[in-house]
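Chain by chain, the residues:
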Amino acid sequence: MSHDGVGLRAVMRSVAFLTAGALAVPALAACSADEEVAKPLAAQDIAPATRDRIADGGTLRWAVDAVPQTLNTFQADADAGTSRIAGAVLPALYRLDSNGTPQLNPAYLESAKIVETEPQQVVLYKLNQQAVWSDGREIGAADFAAQWRALSGKDSAYWTARNAGYDRIEKIERGKSNLEVRVTFSRPYADWKSLFSPLYPKDVMGTADAFNDGARTKLQATAGPFTLQKIDHKSGEVLLTRNPRWWGRPAKLSEIALIAVPRDKRAEALAADKVDLAEIDPEEAGRITLAARDTGTAPQQGSGTAPLQGAGSALPPAKALRSWAVAHGSDARAASDEIKARKQQRTAIATYARQQTSLSDFVVRKSLEPAYTQLALNGSEGPLADERVRRAVARAINRDELAQAVLGPLGLPAVPVGSHLALSGQPDYADNSGALGGQDTKEAQALLADAGWVPGGPVNEQQQQQQKKDKDKAAGPEGKKADSDGKKADSDANPDDGTFIVGEDDKNGEADRDKKEPKDEKHGNNEKQHADGEAGKHLDGRQYAPKDNRQGGAPGAYAPKGTAAPAGAAAGALAKDGKALTLRFVLPSGPGSDSLRTVADQISRMLERIGIRTETSRVPDASYFKDHIASGQYDLALYSWPASAFPATDARPIYAKPVPAADGSLAVEQNYTRVGTDQVDQLFDQAIATLDEDESRSLVRKADARIWAAAGSIPLYQRPQLMATRLNLANAGAFGFQTPLYEDMGFLKKGVQGGTATEKDR
């Protein structure tokens, strides 16, 4: 998951209210497994080139968010960087194709198949006889057995983040030769292809110490086209070099350097020739597109023209005239300050122009990331504990409009996601949103009325003020800090860093917000997570109401201290039992969150139309998940989940019904919405134990229909994937579903035209 980042298999759990079990069977039938599988909405964009067109040698400098804290993908703090390194240096028995379907990797396997189903499932792996570790030892059954024992969950000395699938293995043994591995399962396991990818050497998995600590910073042996040369946290770089013992197609690149570059510094890093490949935000993509279009026409300092956007944009005429007047006025101090500011602006213009010239060496490769952004509805408490209210929220939202707002400006297909468990193009995908229903304002209002929320209901002022005091008290020291931050934001005319309410008759407040938000949007960068950014968020989870008295603030639930509570609900607003229907909308505030803000604002306006107010809190990224999402301190939230080729295994903990823990609390795996049903759990259990692929796929689709019906989360859109790549870089960019082929990446030979950007690319 990401806010637009956590690996899909590191798991937790949740709670259900008003199950969807009463729904009619036809609504849950989902789609037939015999239906033709849809194509991915967007193809991958990697500037494909045959190997004979690519030069031998060179270093690819690839921007990453941070140097990973561990090289062990099975540990809780593994991240996207961990997975990227593993993909280049360790065996993966299966790789994903352009449709996100696992395909046998011939570099390691000659074959893999189920050879027995009764009395037990047995899978026979036949290994590529050339496959060896970098220390010269053959890859074999001992490596498989060591990884199974480490991840089986039977030895608590191993600090593992997940053991799904490995806990179903009964034994692993050598086959007829060293090149055969027989895996016998104690229970049928449909997703057996998910196992042993990546595969670590027995030296890593053989002891708890090696697993827990040794594999965090080094790997004694590798078996991929590249090997790990060094990892340097101080300089923020990981260096991968060609593996001299690699038996497959030789790597075209001599080295791959993974360089830590913050998201909001990537345009600068690209322009400064520090990286060749970087995931970027829409704003940076716009700069690169502009640079490509205006190659050779970038304005020079003093030329009388200025760049069209960014730090070097010209002053409007009125401000330019004022600046001249101040600089030549009688106030010597003001004149000095103005002259200094004008000099800084000229420097910024020159810097921007130089950067734009350098950025013309890059092109934006774009596709859709194998991840989707969802609206999460916390069903553990408050109004959303009522399934009718959750369904009303879902029916009020126009998902087409939200997808268009995010993807349309980027030229990507603006199609809402129709499944929680797969994306268009994957075999398990089917649009099951009909189990909940599309946007329908009248139906949403009827659901709210049935739940007892009526327009103009009385609001208990004393009750709501006490509720606010309780929240302020529960917030603790961090809540106070957040409040002071909110005051600072208010004094700076920056409401996006604080809290405001949408849904009351507050015309002045809305006008102020419309004027101020563009200023705030300059401070944050554009979207992204893995989640989700990938996904992948601070403030104490119990602190949602600021203590300062904001001008233009709306009275009512969670209102700033000092504002008058209304005698009755505002026109169109809903209330029940003395409480206004107000939902806490929590968002991350850091770089990459602009798109989420846009989506959240649109959702708030959609909910306002049916009488639901939203109180938006923007909190620092660092604890967005830990202190808010994972702890359940929100009503509405936006974050992303990655798609999986094995949804029966990977998605179950996200949607599992909660179970009481030993201490009386509810065990929440990754079901952060805290909504689950027995039927969904049963369908997942059946799908994972069914070895017939068509039947398993049908069960997964039925589970998805049930998840839609419960209205705990609403998939919105597939996340955009924007990659800045050097013009002569081939077989790299926006990979979409497909596993990167590190050995085929490289720079085109001089004179080769195949990888240069076309007008369409730009």
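Residues numbered from 1 in each chain as written. Predicted model: local features only at pLDDT ≥ 70, side-chain atom pairs only at ≥ 80, totals over all residues. Heavy atoms only, no water.

Trainee: I keep staring at the overall build of the chain and nothing clicks. Help me out?
Mentor: A count of helical and extended segments in the chain gives 20 helices and 24 strands. Carbon together with sulfur atoms contributes 49% to the accessible area of the chain, which is approximately 31700 Å² in total. (Helix = DSSP H or I, 4+ residues; strand = E, 2+ residues; numbered from the N terminus. Areas by Shrake-Rupley, 256 points an atom, 1.4 Å probe, with all protein chains shown as cover.)

Trainee: Honestly, the confidence of the model for the chain in this entry has me stumped. Any pointers?
Mentor: If pLDDT is low for a region, its predicted coordinates should not be looked at in detail. Chain-level statistics for the chain give a pLDDT mean of 80 and a share of 73% at 70 or above. Segment residues 296-313 is flagged for pLDDT under 50; beyond a separation of four residues in sequence, or across chains, it makes 30 contacts in the model. (pLDDT = per-residue confidence, 0-100. Contact = heavy atoms within 4.5 Å.)

Trainee: Is there a simple way to explain the packing of helix H19 (residues 678-688) against helix H20 (residues 693-710) in this structure?
Mentor: Axes are the key here: two packed helices are described by the angle between their axes and the distance separating the axes. Contact pair H19 / H20: the axes reach a minimum separation of 8 Å and the direction vectors enclose 165°. Relative to H20, the element H19 is oriented roughly antiparallel. For the pair H19 and H20, the crossing hand works out as left-handed. Counted together, Gln679, Val680, Leu683, Phe684, Gln686 and Ala687 of H19 and Ser696, Leu699, Val700, Lys702, Ala703, Arg706 and Ile707 of H20 form the full contact between these two elements. Here the contact of H19 with H20 is built from residues that sort into eight nonpolar, three polar and two charged. (Axes fitted to C-alpha atoms, helices over the stretch in contact; angles between N-to-C directions. Parallel < 35°, antiparallel > 145°, perpendicular 65-115°, else oblique. Left-handed = near helix turned anticlockwise from the far one by under 90°. Nonpolar A, V, L, I, M, F, W, Y, C, P; charged D, E, K, R; others polar.)

Trainee: Mind showing me how you'd approach the packing of aromatic side chains here?
Mentor: Each aromatic ring pair is specified by the distance between its two centres and by the angle formed by the two planes. One pass over the structure, following the stated rule, counts 20 aromatic pairs. Centre to centre, the rings of Tyr158 and Phe211 are 5.5 Å apart; their planes meet at 75°, and the pair counts as edge-to-face. Of this pair, Tyr158 sits in the loop between helix H3 (141-151) and strand S6 (169-174) while Phe211 sits in helix H5 (residues 208-217); the two residues are 53 residues apart in sequence, bridging distant segments of the chain. (Phe/Tyr/Trp six-rings, centres within 6.5 Å; stacked < 30°, edge-to-face > 60°.)

Trainee: Would you explain unusual backbone geometry in this entry?
Mentor: Leaving glycine aside, a negative phi is the common case for residues, and trans is the common case for peptide bonds. Residue Pro119 follows Glu118 across a cis peptide bond; omega there is 0°. Here Pro119 is to be found in the loop between strand S4 (109-116) and strand S5 (122-127). With an omega dihedral of 5°, the bond running from Ser197 to Pro198 counts as a cis peptide bond. Along the chain, Pro198 falls in the loop between strand S7 (180-185) and helix H4 (202-205).

Trainee: Whenever I open this one, the packing of helix H10 (residues 387-396) against helix H12 (residues 441-450) confuses me. Can you help?
Mentor: Running from N to C, H10 and H12 cross one another at 165°; their axes reach a closest spacing of 8 Å. On the basis of their axis angle, the class for H10 and H12 is roughly antiparallel. In this structure, H10 meets H12 at a crossing whose hand is left-handed. Contact residues: Arg388, Val389, Arg391, Ala392, Arg395 and Ala396 in H10; Thr441, Glu443, Ala444, Leu447, Leu448 and Asp450 in H12. The residue makeup of the contact of H10 with H12, split by class, is six nonpolar, one polar and five charged.

Trainee: Looking at this structure, I do not really get the pattern of salt bridges. What am I missing?
Mentor: Oppositely charged side chains may form a pair once their charged atoms are brought near each other. Taken as a whole and judged by the stated rule, the model has 31 salt bridges. Residue Asp386 pairs with Arg388 through a salt bridge whose shortest N-O separation is 2.8 Å. Judged by its relative accessible area of 13%, Asp386 is buried. The shortest N-O distance in the salt bridge between Glu387 and Arg390 comes to 3.9 Å. (Salt bridge = Lys/Arg side-chain N within 4 Å of Asp/Glu carboxyl O. Buried < 20%, exposed > 50% of the residue type's maximum accessible area, 1.4 Å probe, protein only.)

Trainee: Before we go on, may I ask you to explain the pairing of S5 in this structure?
Mentor: Residues in a regular strand point their side chains to alternate faces of the sheet. For S5, a buried count of five out of six residues is recorded, marking the element as mostly surrounded by other parts of the structure. Relative to S5, S4 is paired through six bridges, and the arrangement is antiparallel. Each bridged residue has a counterpart across the sheet, and for Glu116 the counterpart in S5 is Val122. The hairpin formed by S4 and S5 contains five residues between the paired strands. (Pairing = 2+ DSSP bridges.)

Trainee: Got a minute to help me understand H5 in this structure?
Mentor: Because the α-helix completes a turn every 3.6 residues, residues three or four places apart line up on one side. Of the residues making up H5, those classed as buried are Ala208, Phe211, Asn212 and Ala215. Along the axis of H5, the buried positions cluster into a sector of 120°, meaning they face one direction only. Here the buried face of H5 lies against H3 and H4. (Arc of directions from axis to C-beta.)

Trainee: When you look at the sheet that holds S5 in this model, what are you seeing that I'm missing?
Mentor: Backbone-to-backbone hydrogen bonds join strands into a sheet, with any given pair of strands oriented parallel or antiparallel. Taken together, four strands build an open sheet; the order of strands is S4-S5-S7-S6 and the sheet is antiparallel. The two strands at the open ends of the sheet, each matched to only one other strand, are S4 and S6. Neighbour-to-neighbour, the strand axes of the sheet open up by a mean angle of 15°, direction not taken into account. Examined bridge by bridge, S6 and S7 share five bridges and lie antiparallel to one another. Counterpart to Lys171 in the pairing with S7 is Thr184. Packing of H3 onto the sheet brings it into contact with S5, S6 and S7, and relative to S6 it is tilted by some 160°.

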